[in-house]
Amino acid sequence: MPNSLSRDIVYAVRMLVKSPVVTVAALISLALAIGANTLIFSAVNSILLTPLPFADPGRLVLIWGHDRQAGTSRDQVSFTDAEDLRRQSRSLAGLSVFMDWMPVLTGEGEPERIPAMQVGDGYFEILRARPLLGRVFRPEEQEDGKDYVVVLSHGLWQRRFGGDPAIVGRKLTLNGRPYTVVGVMAPELRPLPSPSLIDRPAELYRPVAEPYDDKQRTSRHLRAIARLAPGATIEGAQTELSAIAARLAAAFPDQDWKRDVRVASLQEDTVGPMRPALVILLGAVVAVLLIACANIGNLLLARATTREREVAIRTTVGASRGLITRQFLIESGLLSLTGGAIGTLLAVSGRRAVEAFGASFLPAGRGLELDLRVFAFTAALSIVAGLVFGAAPALRATRTNLGLALKEGSQGSGEGPDRGRLRNLLVIGEVAMALVLVACAGLLVRSMARLYAVDSGFEPENRLTMNVWLPSARYPNGAEQTAFYDRVLAEVEALPGVVSAGMVSTLPLGSFDQVSIGVEGSGVPAGQEPNVDRYVVTPGYTAAMGIRRVAGRGLAATDRESAPPVVVVSETMARRLWPGRSALGGRVQIPEFRPRAEWPWRTVVGIVKDVKQYGLDRESTPQMYLPQAQVPTSYMTLVVQTAGDPLSLAAPVRAAILKLDPDEAVFDVRTMEEVVAGSVALRRFSMLLLGCFAGLALVLAAVGIYGVMSYSVVQRTREMGVRMAFGAQRADLLLLILGRGMTLAGFGLAIGLLTSLGATRLMSSLLFQVSPHDPSTLAAITLLLATMALAACYLPAARTMDLDPLEALRHE
């Protein structure tokens, strides 16, 4: 048996080499299809199927605030709220808070902004993380004044301090203040997905030092993570925490406890937004593989027809049907395994490119890992593909009529009347699946076009942005912060190529800063005030960003601390809070870190266009702009309008800032066009990949039609000669071939159009202002495929125009 199998394998190799065109075409189709499937499955495996790299990650949950009035469900929480939830809950084994921290490390070489987190008591215990050196934070270090201690990540310890074993107890200067290193975490610790202010995972940890204060429940700037208690479920925890929230709402009606809480699986919260796109892409590459299998099946069926005489001879000398079937399956198996191996190499070489392209939205630390599960998937896919496209030729060979095959082989009469039916069905299936894929890609393209046509409220072209955060040790009060920003803007605006410059606390399409405000004369009871996006800006910001003024004036250099408190509002805020009248002259009250009775009333002096803060596909929210001199903040983003390429000014602008403060680490340098592109990265990634797969499907379908029609022309050459001998014109033969091909394509287009009506509905979440059944898109796609099919039919049909009747009658 082994010798027989080896002989069959050698014979299969010889037969594949004997038909190089068929073999190469099959290998290219398979390699591309299996490589695409391997890449997308590696993404599904790494992101959706692989648990997050924490101990018992299924028990980890995030606790989000849920605003019942606004309908938002990913709000942050206050320290006091989180403490009440932790103390009163029985379904949680622990709860801790965390937030962004972006300190500048100085005195250890070049100043560097370190991505970091402030974490609450029990944070490391919840993640079940242990230090490699030293210890984690003690409960008493969660108090103000005792929190000047840090824990390093293993990566930062190695990268910045060379793995110094004496690092524990060492003083580091962060934001101009000394901090003591108390521990280094083991390399197994993986940081939580970073909040939006930090692009890189946290490398440094400091305690959250906030007091438990019932008057600070509106200060919601923390995220919360918890671990479920043994036996507890997410549903049970949700019920319990909602009940606690209701009790707090009743106990503190004046502290804005109008919110519920939402318990979300950490795994689902991290990777859930990517699931629809990945599932759609996985379905697309499976369709491409099926089209490739149909193409190869057609090639092998045509090849099997030419081998019927060989099969008949082998059968007459004693070969059983099982041996014939095995021979054909070995050939298809060799094709599929070789194509799978080449496809795997393509996936390995293309993985980094896909990772780099998706870096803006892939979860931190979740690359496209090609592990054993992925390789097993590729191997299984190759085997199944071999069986799919090898089964039909094998079964056809075993049903060969020996007498007819020998007779046909000697006469060259071609295939019998029913031999092409299966090939026709395969072509119809190819066209149908190609239409579905191209329709999905077309809808995404149109959706992206609509998305980019949205008025963002600002002008992203020729805008450079970079973040600046002033350490409180060197800039302890608002006056010093304002003075530094004034000097920065003066230096930057003096640079050649700079048109204007301004600063903002929260960049559009980035993070957000939302507060509840009071409106004079609204009669809204405490705890039910409207939520508004807050921007703290310098006077030149709206001009630098290209935000158009609608009414009134903009913020001016005279709006200083000693001047009357003012605010500029957006059109949506003006329309909602002052319906039927002008917002100019209206007054609002903004929360501040002092007793509410001391909050000043701010007069609306101007109205500007809405900007898109949460995404180009989201409705604009009420927004207000406060002068930085009146509401000082240490964290700002510099926006520079340039006359030319904004990145060419990145170095001069950074140098201007460092000239004023050499210890300031400017970070996150981007153009606004990059910011906009990042906000639609997942949609763009899905569109481009699906577009590539659709293009591949289109080419494969065209090749399939061309192959069937070419084979049909060759097989019917004698018939053509007979028709011409009886007076048929060459144009009649051309129309005959085109009619047959377009009939197959027409069936495929009809089936594909009906199928697409259901398939496109599944991608509704990825579309924007485009119906899944958009008639113009489906009509254009159908016309495109019909044109492609016509071209694929015409090329082989055109051969009949040069056909010699005498040569055709002698054709074997």
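Here's a quick rundown of the structure. Given the structure is predicted, the values throughout are model-derived calculations rather than measurements.

Cut-off values and rules
- Residues numbered from 1 in each chain as written.
- Predicted model: local features only at pLDDT ≥ 70, side-chain atom pairs only at ≥ 80, totals over all residues.
- Heavy atoms only, no water.
- Patch = residues over 30% accessible without salt bridge, like charges linked within 9 Å, V, L, I, M, F, W, Y side chains within 5 Å.
- Areas by Shrake-Rupley, 256 points an atom, 1.4 Å probe, with all protein chains shown as cover.
- Salt bridge = Lys/Arg side-chain N within 4 Å of Asp/Glu carboxyl O.
- Helix = DSSP H or I, 4+ residues; strand = E, 2+ residues; numbered from the N terminus.
- Buried < 20%, exposed > 50% of the residue type's maximum accessible area, 1.4 Å probe, protein only.
- Pairing = 2+ DSSP bridges.
- Polar contact = N/O pair within 3.5 Å; in protein donor to acceptor, adjacent residues only side chain to side chain.
- Contact = heavy atoms within 4.5 Å.
- Phe/Tyr/Trp six-rings, centres within 6.5 Å; stacked < 30°, edge-to-face > 60°.
- Lys NZ or Arg CZ within 6 Å of the ring centre and 35° of its normal.
- Core = buried A, V, L, I, M, F, W, Y, C linked by side-chain atoms within 4.5 Å.

### With respect to a nonpolar patch on the surface
(1) Moving on: Residues V24, I28, L32, I342 and L346 make up a contiguous nonpolar surface patch of roughly 400 Å² in combined accessible area.
(2) Moving on: Going through the elements one at a time, helix 2 (20-49) and helix 10 (321-357) are the ones with two or more residues in the nonpolar patch.
(3) Moving on: It is helix 2 that provides the largest number of residues to the nonpolar patch, a total of 3 residues.
(4) Moving on: Mapped onto the elements, L346 comes out in helix 10.

### What about the pairing of strand 10 (residues 204-207)?
(1) Moving on: The alternating pattern of strand 10 places L204 and R206 and Y205 and P207 on opposite faces, both of which are buried.
(2) Moving on: Bridge count between strand 5 (residues 116-119) and strand 10: 4 bridges; the pairing is parallel. Looking at the pairing, M117 lines up with Y205 of strand 10.
(3) Moving on: Sheet topology places strand 7 (residues 149-152) next to strand 10; 2 bridges connect them, and they run antiparallel. If you follow L152 over to strand 10, its bridge partner there is L204.

### Points about the side chain of T642
(1) Moving on: With respect to the helices and strands, T642 occurs in strand 23 (residues 635-642).
(2) Moving on: Here the side chain of T642 touches G644 through a polar contact of 2.8 Å, landing on its backbone oxygen.
(3) Moving on: Setting aside residues no more than four positions away along its own chain, T642 makes contact with N462, G497, V499 and L649.

### Describing unusual backbone geometry
Excluding glycine, most residues fall at negative phi; most peptide bonds, likewise, are trans.
(1) Moving on: Even without a glycine there, the phi angle at D56 is positive, about 45°.
(2) Moving on: Within the secondary structure, D56 is located in the loop between helix 2 and strand 1 (60-67).
(3) Moving on: The phi angle at Q769 is positive, at roughly 55°, despite the residue not being glycine.
(4) Moving on: If you trace the backbone, Q769 turns up in the loop between helix 21 (730-759) and helix 22 (775-797).

### Focus: the packing of aromatic side chains
(1) Moving on: In this structure the tally under the stated criterion is 13 aromatic pairs.
(2) Moving on: Arranged with centres 4.0 Å apart and planes meeting at 10°, the rings of F41 and F377 form a pair that is stacked. In this pair, F41 sits in helix 2 while F377 sits in helix 11 (residues 372-398), placing the two residues 336 residues apart along the sequence.
(3) Moving on: Between the NZ or CZ atom of R206 and the centre of the ring of W101, over which it lies, the distance is 5.1 Å.

### A short note on the pattern of salt bridges
Oppositely charged side chains may form a pair once their charged atoms are brought near each other.
(1) Moving on: All chains considered together, the criterion is met by 24 salt bridges.
(2) Moving on: The partner of R553 in a salt bridge is D559, and the shortest N-O contact between them spans 3.1 Å.
(3) Moving on: One continuous salt-bridge network, built from bridges that share partners, spans E112, R159, R160 and E203.

### Quick word on the nonpolar core
(1) Moving on: Within the largest apolar cluster, 108 residues are counted, with the highest numbers of intra-cluster contacts made by Y625, L690, F693, I705 and L785.
(2) Moving on: Ignoring anything within four residues of it in the chain, the contact list for L690 reads I280, L281, A284, L437, C440, A441 and L444.
(3) Moving on: Judged by nonpolar contacts, the second largest core, of 26 residues, contains L62, W64, F124 and L266.

### Brief notes about the pairing of strand 17 (residues 531-537)
(1) Moving on: With 7 of 7 residues buried, strand 17 is to be regarded as a mostly interior element.
(2) Moving on: Alternating residues of strand 17 divide into N531, D533, Y535 and V537 and V532, R534 and V536, and every residue in both groups is buried.
(3) Moving on: By the bridge criterion, 3 bridges tie strand 15 (residues 514-516) to strand 17 in an arrangement that is antiparallel. Looking at the pairing, V515 lines up with V532 of strand 17.
(4) Moving on: Relative to strand 22 (residues 623-627), strand 17 runs parallel, the two sharing 5 bridges. Paired with V536 across the bridge in strand 22 is L626.

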